[in-house]
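Next come the chains, spelled out residue by residue.
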Amino acid sequence: MEMTKEQALQWLKEVKQNKKNTLERLTKIGIDEYEKRTGVKPTYIEAL
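Residues numbered from 1 in each chain as written. Predicted model: local features only at pLDDT ≥ 70, side-chain atom pairs only at ≥ 80, totals over all residues. Heavy atoms only, no water.

> Before we move on, could you go through the pattern of salt bridges and cite the residues and values that matter?
Under the criterion given, the structure shown has three salt bridges. A salt bridge links Glu33 to Lys36, with the shortest nitrogen-to-oxygen separation between them at 3.7 Å. Highlighted residues: Glu33 and Lys36, both in helix α1 (residues 5-38), separated by three residues, approximately one helical turn. With a relative accessible area of 66%, Lys36 lands in the exposed category. The salt bridge partner of Lys41 is Glu35, with a shortest N-O separation of 3.4 Å. Classification of Lys41 as exposed rests on a relative accessible area of 64%. (Salt bridge = Lys/Arg side-chain N within 4 Å of Asp/Glu carboxyl O. Helix = DSSP H or I, 4+ residues; strand = E, 2+ residues; numbered from the N terminus. Buried < 20%, exposed > 50% of the residue type's maximum accessible area, 1.4 Å probe, protein only.)

Okay, here's the thing in structure tokens:
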């Protein structure tokens, strides 16, 4: 199945958005777990 240029760009946009959403979700989980473990909010560097 061949995609038109527009379809390919739309697909790429969706992939990037999904990646961004996943990263945000995992970051939130990581921050929540850190807070549970230590009882303090992480700094930016600790969150990474």
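> I'd like to hear about α1, residue by residue, with values.
Taking 1.5 Å as the rise per residue, α1 with 34 residues should run 50 Å; its terminal C-alpha atoms sit 49 Å apart, in good agreement. Of the residues trailing α1, Gly39 is marked for its positive phi of about 85°. (Expected span 1.5 Å × (residues − 1).)

> Kindly report on a nonpolar patch on the surface, identifying the contributing residues and their values.
A cluster of nonpolar side chains, contributed by Met3, Trp11, Leu12 and Val15, occupies part of the molecular surface with about 380 Å² of accessible area. Tracing the backbone through its elements, the reader meets Val15 in helix α1. (Patch = residues over 30% accessible without salt bridge, like charges linked within 9 Å, V, L, I, M, F, W, Y side chains within 5 Å. Areas by Shrake-Rupley, 256 points an atom, 1.4 Å probe, with all protein chains shown as cover.)

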